[in-house]
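# Geometric and topological summary
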Amino acid sequence: MSSEVRLHQILDWDSPQQNARLRRELAAGLLQAKASIAPKFFYDRLGSRLFEAITELPEYYPTRTEAAIFSEHLPAIRQALGQGFTLIDLGCGSCGKAGRLFHAGVLPSRYVAVDISVDFMRDSLQQLKRELPAIEMIGIGIDFTHEFELPDDLPLKRRVFFYPGSSIGNFSPPDAGRFLRGLADRMDASGGLLIGVDLIKASALLDAAYDDALGVTAAFNRNLLRHVNVRIDADFDLRDWQHVAFYNATDARIEMHLEARRALTVNWPDAAGRSLRQFVAGERIHTENSYKYSPEGFTALLASAGFSDIRMWTDPRGWFALFFARRAE
Ligand SMILES: C[S@@+](CC[C@H](N)C(=O)[O-])C[C@H]1O[C@@H](n2cnc3c(N)ncnc32)[C@H](O)[C@@H]1O
């Protein structure tokens, strides 16, 4: 039994090819009439730590509520997962949720941790391997919104994709459908998907969860600009930007933005010399959507993406749901 984790396809943001790609992507978002930066840029090592702090905030109910669903329904979840499966944790973060499942006796044969925040994932996975050396562990450092290749030698049988924390909400519903379809295509009928989904609820609860009194979510949001500065040598001054988060009931989504406190210009070098974007006071950069679903709406999305045998567990207040589904035969 090896005490080592196996690392596969680790993203190197600084390689010329990756860096050129992310420069193109960031420039395209920043130079739009309504500027945007994708939420994956929240996650450098500090961003991952700030997210862990968010999960401890009193206002941030999703992590606690999802954990309570796991505790309450553990026997049924264990039965649904069965034995001898490979758990593929998409956006594993600290690997904490997988670790809690393993320590509760829900043990896969193999654990595959996938995350864009490569250093944080590697450290977290190595720690988990020290705790549970009998489980084979593989780390994959990729941006799964672009490419998503699993190791060639990963068995197709009994693949269970694990996508907790309602991260699926970062995709628009049509993009979420396409992403889920891509997961169905990477498993056979012996596999499954275990996914956590935040449900539509009173807007005051949602607003507070994404704009906490302590300001940790604000720091998490603004850290994205620090990360972008590091990646493409941009000159965002974090003090010029304030966190804005609100529930958009029409589209059933939380929106997070960064709002310019004054008129300013942001510069970054590029192949042509220099790019710049001017902002007027009050102008925003859209940094995240977090779509909320009804149980029926998410069930329909799973079915349309090629899943069947859909099971759902929820908490007594109906705030959050955990789904398990199999690929339709
Ligand atoms: C909201 S956190 C959730 C972490 C953990 N799964 C949980 O439920 O608490 C999202 C995680 O997904 C990762 N992530 C975000 N976008 C990603 C992408 N495009 N490709 C791979 N990982 C991504 C982040 O680094 C982060 O660890």
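Computed from a predicted structure; not experimentally measured.

### Digging into the packing of aromatic side chains
Under the criterion given, the structure shown has 19 aromatic pairs. Ring-pair connections join several aromatic residues into one group, and the members of that group are Phe42, Tyr43, Phe51, Tyr60, Tyr210 and Phe220. If you follow arginine 277 out to its NZ or CZ, it ends over the ring of phenylalanine 279, 4.7 Å from the centre. The ring centre of tryptophan 319 lies 3.6 Å from the NZ or CZ of arginine 317, which sits over that ring.

### Quick word on the environment of leucine 128
Here leucine 128 lies in helix α6 (residues 118-131). Taking the C-alpha atoms as reference, leucine 128 lies 8.5 Å from glycine 96; in sequence the two are 32 residues apart. Here leucine 128 is in contact with Cys95, Gly99, Phe102, Tyr111 and Met137, once residues within four sequence places are set aside.

### Some words on the sheet that holds strand β11 (residues 284-291)
Pairing is antiparallel in the open sheet, where three strands are placed in the order β7-β8-β11. Each end of this open sheet is capped by a strand with a single partner; those strands are β7 (241-248) and β11. Neighbour-to-neighbour, the strand axes of this sheet turn through a mean angle of 20°, independent of strand direction. In the sheet, β7 pairs with strand β8 (residues 253-260) via eight bridges, with the strands oriented antiparallel. In the sheet register, glutamine 242 faces β8, and the bridge partner there is glutamate 259. Contacts from helix α9 (residues 216-232) reach β7, β8 and β11, with the element oriented near 60° to β8.

### Description of the nonpolar core
Counting 42 residues, the largest nonpolar core has Ile37, Phe236, Trp241, Phe279 and Ile285 as the members making the most contacts within it. Contributing elements (two or more residues each) for this core: α1 (16-30), α2 (45-54), α8 (203-209), α9, β7, β8 and β9 (264-270). No other element matches the six residues that α9 contributes to this core. Taken together, domain 1 (6-10 + 61-202 + 293-327) and domain 2 (35-49 + 204-291) each give at least three residues to this core, which thus spans both. Discounting residues that sit within four places of it in the chain, isoleucine 285 has contacts with Leu30, Ala35, Ser36, Ile37, Leu225, Phe236, Trp241, Met256, His257, Leu258 and Phe279. One finds Val112, Ile140, Ile168 and Leu193 within the second-largest nonpolar core, a separate group that totals 35 residues.

### As for the packing of α2 against α9
Orientation of α2 relative to α9, taken along the N-to-C sense of each, is 170°, at an axis distance of 9 Å. In terms of their interaxial angle, α2 and α9 are classed as roughly antiparallel. Viewed along their axes, α2 and α9 form a crossing whose handedness is left-handed. Here Leu46, Gly47, Leu50, Phe51, Ala53 and Ile54 of α2 lie close against α9, whose contacting residues are Val216, Thr217, Ala219, Phe220, Asn223 and Arg226. Class assignment for the residues of the contact of α2 with α9 results in eight nonpolar, three polar and one charged.

### Here's the deal with α1
Under the 1.5 Å per step criterion, the end-to-end length of α1 is 21 Å for 15 residues, consistent within 8% with the ideal 21 Å. Looking only at α1, the buried set comprises Gln18, Asn19, Leu22, Leu26, Ala27, Gly29 and Leu30. Take α1 and look down its axis: the buried residues cluster within an arc of 160°, on one side only. Opposite the packed face of α1, turned more than 90 degrees from it, sit the exposed residues Pro16, Gln17 and Arg24.

### Observations concerning the state of the cysteines
Applying the stated criterion across every chain yields a total of zero disulfides. Left without a disulfide partner, cysteine 95 is nearest to the cysteine sulfur of cysteine 92, which lies 4.0 Å away.

### Let's talk about the site of the ligand
Taken together, 16 residues are adjacent to the ligand, and Gly91, Lys97, Asp115, Asp143 and Phe144 come closest. Glycine 91 has a polar backbone atom sitting 2.6 Å from a nitrogen atom of the ligand. Between isoleucine 142 and the ligand, the recorded distance is 3.3 Å, taken from a backbone N or O atom to a nitrogen atom. Within the complex, the protein chains bury 92% of what would otherwise be the 580 Å² of accessible surface of the ligand. Looking at side-chain class alone, the shell around the ligand contains six nonpolar, six polar and four charged residues.

Scoring rules and cut-offs
- Residues numbered from 1 in each chain as written.
- Predicted model: local features only at pLDDT ≥ 70, side-chain atom pairs only at ≥ 80, totals over all residues.
- Heavy atoms only, no water.
- Phe/Tyr/Trp six-rings, centres within 6.5 Å; stacked < 30°, edge-to-face > 60°.
- Lys NZ or Arg CZ within 6 Å of the ring centre and 35° of its normal.
- Helix = DSSP H or I, 4+ residues; strand = E, 2+ residues; numbered from the N terminus.
- Contact = heavy atoms within 4.5 Å.
- Pairing = 2+ DSSP bridges.
- Axes fitted to C-alpha atoms, helices over the stretch in contact; angles between N-to-C directions.
- Core = buried A, V, L, I, M, F, W, Y, C linked by side-chain atoms within 4.5 Å.
- Buried < 20%, exposed > 50% of the residue type's maximum accessible area, 1.4 Å probe, protein only.
- Domains from an automatic or database assignment.
- Parallel < 35°, antiparallel > 145°, perpendicular 65-115°, else oblique.
- Left-handed = near helix turned anticlockwise from the far one by under 90°.
- Nonpolar A, V, L, I, M, F, W, Y, C, P; charged D, E, K, R; others polar.
- Expected span 1.5 Å × (residues − 1).
- Arc of directions from axis to C-beta.
- Disulfide = S-S within 2.5 Å.
- Near = heavy atom within 4 Å.
- Polar contact = N/O pair within 3.5 Å; in protein donor to acceptor, adjacent residues only side chain to side chain.
- Areas by Shrake-Rupley, 256 points an atom, 1.4 Å probe, with all protein chains shown as cover.

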